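Structural features, examined
The residues making up each chain are set out below.
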Amino acid sequence: QVQLVESGGGLVQPGGSLRLSCAASGFAFSIYAIYWYRQAPGKERELVAGISSAGTSTNYADSVTGRFTISRDSAKKTVYLQMNSPKPEDAAVYYCSADRSSWGWPPRDDYWGQGTKVTVSS
C-alpha cells in the first residue's frame, strides 16, 4: 500500500523554525522525486519545494527561497522540509507528493499525503 505520511506540523512563532517530515512506504522511494506543497484557507495549492530522486537537484518557490530547505534520507525513506524564519503567510496545510520521474518542475504528482497543518503566530 502506497503511503506518504506528513508530520511535524504545529504552532511556530514568526522567526522560529520547524521541520516537516514526509515518510514514504509501499513504493520504490529511491526513484521518485518528492515535492512539498501548501494550501492556505481560501487559496490554491502552491508548489513550495522539490527534490530529485537522487537528492542532487532541488528547487523552491520564490516565496520560500533562502528560508526553507528540502532534503531526503534514503535509508529512512523520508523527505524533510526545514522551515526557518517562517512568516504568518507561511501558515497552511503542507502536503508532500511523489513523482515517478526522477525530477520535474512542475511535478506529475503520482501520490499524495494527507497533509500536516502549520500555524505561524506569536
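Residues numbered from 1 in each chain as written. Predicted model: local features only at pLDDT ≥ 70, side-chain atom pairs only at ≥ 80, totals over all residues. Heavy atoms only, no water.

1. Regarding the side chain of Asp90
Worth spelling out the cut-off: Per the convention used, a helix needs a DSSP run of H or I reaching at least four residues, while a strand needs a run of E reaching at least two, with both numbered from the N terminus. In what follows, residue pairs with any heavy atoms lying within 4.5 Å of each other are defined as contacts.
By the element assignment, Asp90 lies in the loop between β8 (78–84) and β9 (92–99). Excluding residues that lie within four positions of it along the chain, Asp90 makes contacts with Arg38, Val64, Arg67, Phe68, Met83, Ser85 and Val120.

2. Observations regarding unusual backbone geometry
With an omega of 5 degrees, the peptide bond running from Trp105 to Pro106 counts as cis. Position of Pro106 among the secondary structure elements: in the loop between β9 and β10 (111–112). The phi dihedral of Asp109 falls on the positive side, at around 60 degrees, and the residue is not glycine.

3. Concerning the sheet that holds strand β3 (residues 17–25)
Strands in a sheet are paired, the pairing made by backbone hydrogen bonds, and the direction either parallel or antiparallel. Rule in force here: One bridge is not enough; two strands pair if DSSP finds at least two bridges between them. All axes here are fitted lines through C-alpha atoms, helices being fitted over the stretch that makes contact, and every angle between N-to-C directions spans 0 to 180 degrees.
If you walk across this open sheet you meet the four strands as β1-β3-β8-β7, and the pairing is antiparallel. The open sheet has two free edges, formed respectively by β1 (3–7) and β7 (68–73), since each of these has just one partner strand. If you compare each strand with its neighbour and ignore which way they point, the axes differ by 15 degrees on average. Sheet analysis places β1 next to β3, joined by five bridges and oriented antiparallel. Bridge assignment links Leu4 to a residue of β3, and that residue is Ala24.

4. Things to note about the pattern of salt bridges
Definition in use: What counts as a salt bridge is simple: a side-chain nitrogen of Lys or Arg found within 4 Å of a carboxyl oxygen of Asp or Glu. The buried label goes to any residue with under 20% of its type's maximum accessible area, the exposed label to any with over 50%, and the partly exposed label to all in between, with areas taken from a 1.4 Å probe on protein chains only.
Summed over the entire model, instances satisfying the criterion amount to five salt bridges. When the shortest N-O distance is used, the salt bridge between Asp90 and Arg38 registers 2.8 Å. Of this pair, Asp90 sits in the loop between β8 and β9 while Arg38 sits in strand β4 (residues 33–39), placing them 52 residues apart in sequence. Under the relative-accessibility criterion, Asp90 is labelled buried at 1%. With relative accessibility at 6%, the residue Arg38 sits in the buried group. Between Asp110 and Arg108 there is a salt bridge whose closest N-O contact spans 3.0 Å.

Everything listed is a geometric property; what it means functionally is a separate question.
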